Amino acid sequence: DAGVTQSPTHLIKTRGQQVTLRCSPKSGHDTVSWYQQALGQGPQFIFQYYEEEERQRGNFPDRFSGHQFPNYSSELNVNALLLGDSALYLCASSLFVASGDGETQYFGPGTRLLVL
Amino acid sequence: AQSVTQPDIHITVSEGASLELRCNYSYGATPYLFWYVQSPGQGLQLLLKYFSGDTLVQGIKGFEAEFKRSQSSFNLRKPSVHWSDAAEYFCAVGGLKGRGSTLGRLYFGRGTQLTVWP
């Protein structure tokens, strides 16, 4: 049973460029969340996708956008990169629970983005 | 506002010693609580979770955690630490129900770095 996978593993970009990160959820999961983890910090929630729509969004600018495909995989796009966008980007997948009880998120290995 | 506090940034223990990592949360509704572990350069691995019921929960790798509502705490424990437990540990809260629910979003603490001496 494959877990959450992310690509690429590492990425180097320059300021002002755009980047796309990819995530495939764990088998049987339908919800994908994205987190940014700066060095020495805990992960910060960016947004969550369910049924190809953004279900919830954290406190991130519009430069951060996403997409979910019919096969539940997801992309995170960041435009006009800043030095401060350098971080580990984590994808997590879960199975939507209609009652709202205890969705458990499982994380991928992350994509490390360095902006120069 | 929702928040998670891990008061210990770095803890050092000897192999075989017991371990307790502290976690306090601030939340407006019934919390769902998680502990994750992160090895260097890796993603997060779920150790254990609390949704309801028995307040003492067992996880993988011999870890357990106890939910204490009166203290807003969810401390992680292990009776005997192994060198392979050296990693960073994150407490998280999320999955709320009710008014203003932030369903699905996890709030993380800053993490506790665990060093194990041989």
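See above for the structure.
Okay, so let's go over this structure.

## Quick word on the packing of aromatic side chains
Residues and elements named next belong to chain A. For the structure on display, the rule yields 16 aromatic pairs over all chains. A ring pair is formed by Tyr35 and Phe107, whose centres lie 5.4 Å apart and whose planes are at 50 degrees; its orientation type is tilted. With Tyr35 in strand E4 (residues 31-37) and Phe107 in strand E10 (residues 106-107), this residue pair connects regions lying 72 residues apart in the sequence. Assessed through its relative accessible area of 0%, Tyr35 is described here as buried. In this structure, Lys26 packs its charged tip against the face of Tyr106, placed 5.5 Å from the ring centre. A cation over a ring is seen here: Arg55 above Tyr50, with NZ or CZ 5.7 Å from the ring centre.

## Details of the pattern of salt bridges
Taken as a whole and judged by the stated rule, the model has 7 salt bridges over all chains. Linking Arg57(A) and Glu54(A) is a salt bridge whose minimum nitrogen-to-oxygen distance equals 3.1 Å. Put simply, Arg77(B) and Glu66(B) hold a salt bridge, and the shortest N to O gap is 3.3 Å. Within this pair, whereas Arg77(B) is found in strand E9 (residues 73-78), its partner Glu66(B) is found in strand E8 (residues 64-68), the two being separated by 11 residues in sequence. Given a relative accessible area of 24%, Glu66(B) falls into the partly exposed group.

## A closer look at the layout of surface pockets
Looking at the largest pocket, its volume works out to about 250 Å³. The wall of the largest pocket is formed by 17 residues, among which Gln37(A), Arg112(A), Gln38(B), Gly41(B) and Glu88(B) lie closest to the centre. Among the elements that line the lining of the largest pocket, the one with the most residues is strand E10 (residues 87-94) of chain B, at 3 residues. A class-by-class count of the residues in the lining of the largest pocket yields 7 nonpolar, 8 polar and 2 charged.

## What to know about the interface of chain A and chain B
Listed per partner, the contact involves 26 residues of chain A and 22 residues of chain B. Taken together, both faces of the contact between chain A and chain B bury some 1,900 Å²; the carbon and sulfur share is 50%. Connecting chain A to chain B are 0 salt bridges. In this assembly, chain A and chain B are joined by 5 residue pairs in polar contact (both at pLDDT 80 or more).

Reading the values: rules and limits
Here the residue index of a chain counts from 1 through its sequence in written order. To read the labels, note that chains go from A and ligands from 1, taken in the order they are written. Where totals are concerned, whole chains, interfaces and linings use all residues; where local detail is concerned, this predicted model gives features only for residues with pLDDT of at least 70, and gives and counts side-chain atom pairs only at 80 or more. In computing side-chain properties, one takes all heavy atoms of the structure into account and sets aside hydrogens as well as water. Pairing of aromatic side chains requires ring centres within 6.5 Å, counting the rings of Phe and Tyr and the six-membered ring of Trp. Pairs whose planes differ by under 30 degrees are stacked, by over 60 edge-to-face, and all others tilted. Runs of H or I in DSSP of at least four residues are treated as helices and runs of E of at least two as strands, each being numbered from the N terminus. For each residue, the accessible area found with a 1.4 Å probe, counting protein chains only, is set against the maximum for its type, and the residue is called buried under 20%, exposed over 50%, and partly exposed in between. Consider the ring centre and the ring normal. A charge sits over the ring if Lys NZ or Arg CZ is within 6 Å of that centre and within 35 degrees of that normal. Every case where a carboxyl oxygen of Asp or Glu lies within 4 Å of a side-chain nitrogen of Lys or Arg is listed as a salt bridge. Any residue with an atom within 4 Å of a point lines the site, the site being either a cavity, points on a 1 Å grid over the protein atoms alone where a 1.4 Å probe fits but cannot get out, or a pocket, an open set with protein on both sides within 12 Å along at least 5 of 7 lines. Grid points are joined across faces, edges and corners, and a volume is the space filled by probe spheres set on the points. In the scheme used here, Gly and all other residues not listed as nonpolar or charged are polar, with Ala, Val, Leu, Ile, Met, Phe, Trp, Tyr, Cys and Pro taken as nonpolar and Asp, Glu, Lys and Arg as charged. The criterion used for residue contact is that any of the two residues' heavy atoms lie within 4.5 Å. Accessible area that two parts lose when put together, with a 1.4 Å probe and added across both, is what the buried area reports. What qualifies as a polar contact is a pair of N or O atoms within 3.5 Å, subject to a donor-acceptor requirement within protein and to the restriction that residues adjacent in sequence count only when both atoms come from side chains.

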